[in-house]
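What follows is the residue order along each chain.
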Amino acid sequence: MERVFGERTAGLIVMGIALLVFSAATRNHLRSAESADTVFSSVASAGWIVAAISQMIVWGWALINGAADADDQAAAVVLGYAEFLGWAGLGIGLATAFIATGLAGWQGSVLPRWFAVVSVVLGVLAALGNAGIPPGGLVTYLLLPFWLLTASVVISKRQRARLKVGG
């Protein structure tokens, strides 16, 4: 049990760090075309930070299983609520990040239009899922890895093109 918990914790730490680095890169890219009165890049970054922290809470199954194995009913109940709140935080963070990223990408033309639209749609689905309206949360969660990979490629290509033009 301890080995699995340790490996899972290491994976969560790597995932959390990766989301935070992605948050910074996304903010930097979105900010490049923002006017002084627009805050989409900061809102998107905050959404990714909330998602990174919440995913650490969500995957605390080892703690819940440990409380259940120890027959600690009170701890299992408290950890069950924490698990629920972790999912709620993850949904809020993802909805915020997706919508702000899509709107910033659309407004500043730093993302392809199709990707900005997909981002806003995923954000709306995440918000609906967080409100308990299926299948929003599940669809968003299942598409998240593909969106992250696509976003990484899109942002990387756009930044390289901007560097070639500028330098």
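Since this is a predicted model, take the numbers as computed values, not measurements.

**Digging into the side chain of His 29**
Alright, step 1. Examined against the element boundaries, His 29 turns out to sit in helix 1 (residues 2–31).
Alright, step 2. With residues near it in sequence (within four places) discarded, His 29 still touches Val 110, Leu 111, Ile 155, Arg 158, Gln 159 and Arg 162.

**Details of the confidence of the model for the protein**
Alright, step 1. Taken residue by residue, the protein gives an average pLDDT of 83. The fraction at 70 or more is 90%.
Alright, step 2. Considering each helix and strand of the protein separately, the mean pLDDT is smallest for helix 3 (residues 61–69), with a value of 69, and largest for helix 5 (residues 113–130), with 94.

**Here's the deal with the side chain of Ser 54**
Alright, step 1. For Ser 54, the position within the fold is in helix 2 (residues 40–58).
Alright, step 2. A polar atom in the side chain of Ser 54 sits 3.4 Å from the backbone nitrogen of Leu 90.
Alright, step 3. Aside from chain neighbours lying at most four places away, what touches Ser 54 is Gly 86, Gly 89 and Leu 90.

**Regarding the nonpolar core**
Alright, step 1. Ranked by size, the top nonpolar core spans 26 residues in total, and within it Trp 48, Leu 94, Phe 98, Leu 111, Trp 147 and Leu 148 carry the most contacts.
Alright, step 2. With seven residues, helix 4 (residues 73–108) is the largest single contributor of residues to this core.
Alright, step 3. What Phe 98 contacts, discounting residues up to four positions off in sequence, is Trp 48, Ser 119, Val 120, Leu 122, Gly 123, Thr 140, Leu 144 and Trp 147.

**So, a nonpolar patch on the surface**
Alright, step 1. Taken together, Ile 13, Ile 17, Val 21 and Met 56 make up a surface patch of nonpolar side chains, about 350 Å² in accessible area.
Alright, step 2. Here Ile 13 is to be found in helix 1.
Alright, step 3. Classification of Ile 13 as partly exposed rests on a relative accessible area of 42%.

**Topic: the packing of aromatic side chains**
Alright, step 1. Under the definition given, this model contains eight aromatic pairs.
Alright, step 2. Taking the centre distance of 5.3 Å and the plane angle of 90° together, the rings of Phe 22 and Trp 48 count as edge-to-face. Residue Phe 22 is located in helix 1, and its partner Trp 48 is located in helix 2; the two are separated by 26 residues in the primary sequence.
Alright, step 3. When the centroid spacing of 5.3 Å and the interplanar angle of 70° are considered together, the rings of Trp 87 and Tyr 141 count as edge-to-face. Residue Trp 87 is found in helix 4, and its partner Tyr 141 is found in helix 6 (residues 136–166); the two are separated by 54 residues along the sequence.

**Points about the packing of helix 4 against helix 5**
Alright, step 1. At a closest axis distance of 7 Å, the pairing of helix 4 and helix 5 adopts a crossing angle of 155°. What the angle tells us is that helix 4 and helix 5 run roughly antiparallel. Seen along the crossing, helix 4 lies across helix 5 with a hand that is left-handed. Contacts between helix 4 and helix 5 pair Trp 87, Ala 88, Gly 91, Ile 92, Leu 94, Ala 95, Phe 98, Ile 99, Gly 102, Leu 103, Gly 105 and Trp 106 from the former with Arg 113, Ala 116, Val 117, Ser 119, Val 120, Leu 122, Gly 123, Val 124, Ala 126, Ala 127 and Asn 130 from the latter.

**A short note on the packing of helix 2 against helix 4**
Alright, step 1. Across the interface, helix 2 lies against helix 4 with an axial gap of 7 Å and an inter-helix angle of 155°. The pairing of helix 2 with helix 4 is recorded here as roughly antiparallel in orientation. Remark: the crossing between helix 2 and helix 4 carries left-handed chirality.
Alright, step 2. Considering only residue class, the contact of helix 2 with helix 4 consists of 17 nonpolar, nine polar and one charged.

**Looking at unusual backbone geometry**
Alright, step 1. Along the chain, Pro 134 connects to Pro 135 via a cis peptide bond; the corresponding omega equals 0°.
Alright, step 2. Among the structural elements, Pro 135 can be located in the loop between helix 5 and helix 6.
Alright, step 3. Not every positive phi belongs to a glycine, and Ser 109 is a case in point at roughly 55°.
Alright, step 4. By secondary structure assignment, the location of Ser 109 is in the loop between helix 4 and helix 5.
Alright, step 5. Exposure remark for Ser 109: the relative accessible area of 44% places this residue in the partly exposed category.

Definitions and cut-offs
Residues numbered from 1 in each chain as written. Predicted model: local features only at pLDDT ≥ 70, side-chain atom pairs only at ≥ 80, totals over all residues. Heavy atoms only, no water. Helix = DSSP H or I, 4+ residues; strand = E, 2+ residues; numbered from the N terminus. Contact = heavy atoms within 4.5 Å. pLDDT = per-residue confidence, 0-100. Polar contact = N/O pair within 3.5 Å; in protein donor to acceptor, adjacent residues only side chain to side chain. Core = buried A, V, L, I, M, F, W, Y, C linked by side-chain atoms within 4.5 Å. Buried < 20%, exposed > 50% of the residue type's maximum accessible area, 1.4 Å probe, protein only. Patch = residues over 30% accessible without salt bridge, like charges linked within 9 Å, V, L, I, M, F, W, Y side chains within 5 Å. Areas by Shrake-Rupley, 256 points an atom, 1.4 Å probe, with all protein chains shown as cover. Salt bridge = Lys/Arg side-chain N within 4 Å of Asp/Glu carboxyl O. Phe/Tyr/Trp six-rings, centres within 6.5 Å; stacked < 30°, edge-to-face > 60°. Axes fitted to C-alpha atoms, helices over the stretch in contact; angles between N-to-C directions. Parallel < 35°, antiparallel > 145°, perpendicular 65-115°, else oblique. Left-handed = near helix turned anticlockwise from the far one by under 90°. Nonpolar A, V, L, I, M, F, W, Y, C, P; charged D, E, K, R; others polar.

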